[in-house]
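Each chain is listed here by its residues.
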Amino acid sequence: MTTGEQAIAVETVRPLTGGRLANTRRGVERFARRQPLGFAGAVIIALLVVAAVGADLLAPADPLAQDAANALEGPGAGHLLGADQVGRDILSRVIHGARISLKVGIISVAIGTLTGSLLGLISGYFGGVVDFAVQRAMDVILAFPALILAIALMAVLGSNLTNAMIAIGVVIMPSAARVVRGSTLAVRTEQYVEAARSMGCGDRRIIARHILPNVLAPIIVLITIQLGNAIIAEASLSYLGLATRPPAPSWGSMLSGAGRVYMMRAPWIAIAPGVAISLTVLAFNLLGDALRDVLDPRLRRGMG
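Remember, it's a predicted structure, so these values are computed and weren't measured experimentally.

Draft legend 1. Structural context of the packing of helix 6 (residues 146–157) against helix 7 (residues 161–187). Put simply, helix 6 and helix 7 touch, their axes get as near as 9 Å, and they point 140° apart. As summarised for this structure, helix 6 and helix 7 are arranged oblique, according to the angle between their axes. For the crossing formed where helix 6 meets helix 7, the hand is right-handed. Counting all contacts with helix 6, which are made through A146, L149, A150, L153, M154 and L157, the residues of helix 7 involved are N163, A164, I166, A167, V170 and V171.

If you want it as structure tokens, here you go:
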């Protein structure tokens, strides 16, 4: 390539890159203007991700380091959110707890959503006996209260963080299967699907190229909402001593041990992880509701 051609190529790329960034910025501004609560939820989630990724840099102290001289010290200059019963810094444990909560939420939702979406696609597309068998299996899972089912699965699999993620994924799976099945039933009767079938396209190609892209919107919304539910489930299991074990800095385990014992004497031990759980779940729910409004064409027409 000559020097002149290189210069033309560079000049061609620059406007595209700038235009792409400008479009992204305008899209973010439009989303913030039309969905302020959803944008606020996205900001909180972004801060949570930054805290989880940079926990080693952001935490003011080692979350496992004990200092008996400062045990049960209240919020102040030494410990911004106070210290627990053995002198560990609460703020550092909350920041590191974000890493555990996000890890459990993402992996468990991935397990439940991917498995449930696959079952929902198969169930809704093929119908008949396949649909009946899949939906009755989902009914069996839904017949149990979510936390009771997760505890039962933990009793079978064993009490550790990996098995907790599997158990939460199983609990999430029926919701994903139901949502995707309903969307698949609506999409499979569209004319473009019938046209693809009449042209000789196989079932696998129709599902991958025509069904799945048109049911992604409800899957994205479901993932966002289920992340909050998964974080609550992990905190509940850790509270019961079935997921994260002390001294690991988990929000649920912080509430369970010292947070419960010293609730009256040192309430900051329970308040900090409790507020973290509440804000995180609220943020995911706000973002999920906003994405539903944006991605659902019927709601867009209603707002227009």
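Draft legend 2. Main features of the nonpolar core. Core analysis: the largest hydrophobic core is formed by 41 residues, its most contacted members being I90, V94, L237, W251 and F284. At the level of secondary structure, the elements contributing two or more residues to this core comprise helix 2 (36–53), helix 4 (90–126), helix 6, helix 7, helix 10 (216–239), helix 11 (251–256) and helix 13 (268–295). The element contributing the most residues to this core is helix 13, with 11 residues. Filtering out sequence-adjacent residues up to four positions away, W251 remains in contact with L48, V94, G97, A98, S101, I231, P273, A276, I277 and T280. Counting 11 residues, the second-largest nonpolar core is a separate cluster that includes Y125, V193, A196 and I211.

Draft legend 3. View of the pattern of salt bridges. In the structure shown here, the tally under the stated rule is 8 salt bridges. Note that R181 and D131 form a salt bridge whose closest N and O atoms lie 2.7 Å from each other. With R181 in helix 7 and D131 in helix 5 (residues 128–142), this residue pair connects regions lying 50 residues apart in the sequence. Taking the relative accessible area as the measure of exposure, R181 reaches 23% and is therefore partly exposed. Classification of D131 as buried rests on a relative accessible area of 12%.

Draft legend 4. Examining the packing of aromatic side chains more closely. All chains considered together, the criterion is met by 1 aromatic pair. Measuring from ring centre to ring centre gives 5.0 Å for Y125 and F126, while their planes differ by 90°; the resulting arrangement is edge-to-face. Residue Y125 is classed as buried on the basis of its relative accessible area of 7%. Here the basic side chain of R136 rests over the ring of F132, its NZ or CZ set 5.1 Å away from the ring centre.

Draft legend 5. Seen up close, the packing of helix 7 against helix 10. The contact between helix 7 and helix 10 brings their axes to 10 Å, and the two run at 155°. With respect to each other, helix 7 and helix 10 are oriented roughly antiparallel. By crossing handedness, the relation of helix 7 to helix 10 is classed as right-handed. Each of A164, I168, I172, S175, A176, V179, V180 and S183 in helix 7 lies in contact with helix 10, whose residues at this interface are P218, I219, L222, Q226, A230, A233, E234 and L237.

Draft legend 6. Layout of helix 10. Over its 24 residues, helix 10 runs 34 Å from end to end, which matches the ideal 34 Å to within 8%, given 1.5 Å per residue. Largest kink in helix 10: about 25°, centred on Q226. A positive phi of about 80° marks G241, the residue just after helix 10.

Rules used in this analysis
- Residues numbered from 1 in each chain as written.
- Predicted model: local features only at pLDDT ≥ 70, side-chain atom pairs only at ≥ 80, totals over all residues.
- Heavy atoms only, no water.
- Axes fitted to C-alpha atoms, helices over the stretch in contact; angles between N-to-C directions.
- Helix = DSSP H or I, 4+ residues; strand = E, 2+ residues; numbered from the N terminus.
- Parallel < 35°, antiparallel > 145°, perpendicular 65-115°, else oblique.
- Left-handed = near helix turned anticlockwise from the far one by under 90°.
- Contact = heavy atoms within 4.5 Å.
- Core = buried A, V, L, I, M, F, W, Y, C linked by side-chain atoms within 4.5 Å.
- Buried < 20%, exposed > 50% of the residue type's maximum accessible area, 1.4 Å probe, protein only.
- Salt bridge = Lys/Arg side-chain N within 4 Å of Asp/Glu carboxyl O.
- Phe/Tyr/Trp six-rings, centres within 6.5 Å; stacked < 30°, edge-to-face > 60°.
- Lys NZ or Arg CZ within 6 Å of the ring centre and 35° of its normal.
- Expected span 1.5 Å × (residues − 1).
- Bend = angle between axes of the 7 residues up to and from the residue.

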